[in-house]
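# Fold and geometry: a report
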Amino acid sequence: MRTKLIITANGTDRKGIVSEIASIVNKHNCNIETSKMVRLENEFTTLILIDAEHDKKELLSLDLKKIKDLKIQIIETKNNHPIVYKNKFHLFINGADNEGIVYQFSNYLSNIDINIEEVNTKIENAPISATPLFMMDIIIGAKKKINLKELTAELNKISEKLGVEIQLEKIN
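Below or above, wherever it landed, is the structure these notes cover. Just so it is clear, the model here is predicted, and its values are computed rather than measured. (Residues numbered from 1 in each chain as written. Predicted model: local features only at pLDDT ≥ 70, side-chain atom pairs only at ≥ 80, totals over all residues. Heavy atoms only, no water.)

## Digging into the overall build of the chain
- Secondary structure assignment for the chain yields 4 helices and 8 strands.
- Going from the N terminus to the C terminus, the chain shows its helices and strands as β-α-β-β-α-β-β-α-β-β-α-β.
- Taking 2.2 N^0.38 as the reference for a compact globule, 172 residues should give roughly 16 Å; the C-alpha atoms of the chain span a radius of gyration of 20 Å, well beyond that estimate.
- For the C-alpha atoms alone, the extent of the chain along its principal axes is close to 50 × 40 × 25 Å.
- The burial tally for the chain puts 32% of its 172 residues in the buried class. (Helix = DSSP H or I, 4+ residues; strand = E, 2+ residues; numbered from the N terminus. Rg over C-alpha atoms; globule rule 2.2 N^0.38 Å. Buried < 20%, exposed > 50% of the residue type's maximum accessible area, 1.4 Å probe, protein only.)

Structure, rendered in structure tokens:
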């Protein structure tokens, strides 16, 4: 029987980590389906969704945990049928770096029953002034119909309070 597993791994960044993980996954005849990998400061972290034979989970886990200086966790997904949202949007937020931006937007979206599927944030220096600029890129979805004008108006109210700009685009 096949199952979906999520591997999380983190540790001090060094060359070859991705290759080591992929080699072990391949050795156990598993397939990497979706992954996110990133270096934050000097740390490497990854989330990997794999398709595997259910009976290979323990051996896979033992081999992955042999990788030097890497913390590994493997969980089995509870449902092999992903939620499909009829209404998906891409929300871009950027502006002055202030505390609470992620909280204010995520809290609002949660309160109106909109799910956040993916978030990416970063800080970059403005070209001329070198002032820190916060950038957030969010994929959101909902099962219910969303009024784009109303959502944009409410998000604009939050953005004005926080000194950031938003752009909301429907994803087909």
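## With respect to the layout of surface pockets
- Space inside the second largest pocket adds up to approximately 420 Å³.
- K36, V38, T45, V119 and N120 are the residues nearest the centre of the second largest pocket, which is lined by 16 residues in total.
- Of all the secondary-structure elements, those providing two or more residues to the lining of the second largest pocket are β1 (2-12), β2 (31-40), β3 (43-53) and β6 (115-125).
- Of the residues contributing to the lining of the second largest pocket, the split by class is 6 nonpolar, 6 polar and 4 charged. (1 Å grid on protein atoms, 1.4 Å probe; cavity = no way out; pocket = protein on both sides within 12 Å on 5 of 7 lines; lining within 4 Å. Points joined across faces, edges and corners; volume = space filled by probe spheres on them. Nonpolar A, V, L, I, M, F, W, Y, C, P; charged D, E, K, R; others polar.)

## Some points on the sheet that holds β1
- The 4 strands lie next to each other as β2-β3-β1-β4, forming an open sheet whose pairing is antiparallel. In the strand order of this sheet, the two ends are held by β2 and β4 (71-76), each with one partner. Ignoring strand direction, the axes of neighbouring strands in this sheet form an average angle of 15°.
- Bridging between β1 and β3 involves 11 bridges; their strand directions are antiparallel. Paired with T8 across the bridge in β3 is L47.
- Packing against the sheet, helix α2 (residues 57-64) makes contact with β1, β3 and β4, and its axis sits at approximately 165° to β4. (Pairing = 2+ DSSP bridges. Axes fitted to C-alpha atoms, helices over the stretch in contact; angles between N-to-C directions. Contact = heavy atoms within 4.5 Å.)

## Regarding the environment of E76
- By the element assignment, E76 lies in strand β4.
- Assessed through its relative accessible area of 28%, E76 is described here as partly exposed.
- If sequence neighbours within four positions are ignored, E76 has contacts with T3, K4, L5, H54 and K57.
- Within the local environment of E76, its side chain forms a polar contact with the side chain of T3, the two groups lying 2.7 Å apart.
- Within the structure, the side chain of E76 is placed 3.3 Å from the side chain of H54, a separation counted as a polar contact. (Polar contact = N/O pair within 3.5 Å; in protein donor to acceptor, adjacent residues only side chain to side chain.)

## A closer look at the environment of K56
- By the element assignment, K56 lies in the loop between β3 and α2.
- Expressed as a C-alpha distance, the spacing of K56 and H28, which sit 28 residues apart in the sequence, is 6.9 Å.
- Those residues in contact with K56 that sit more than four places away from it in its chain are H28 and N29.

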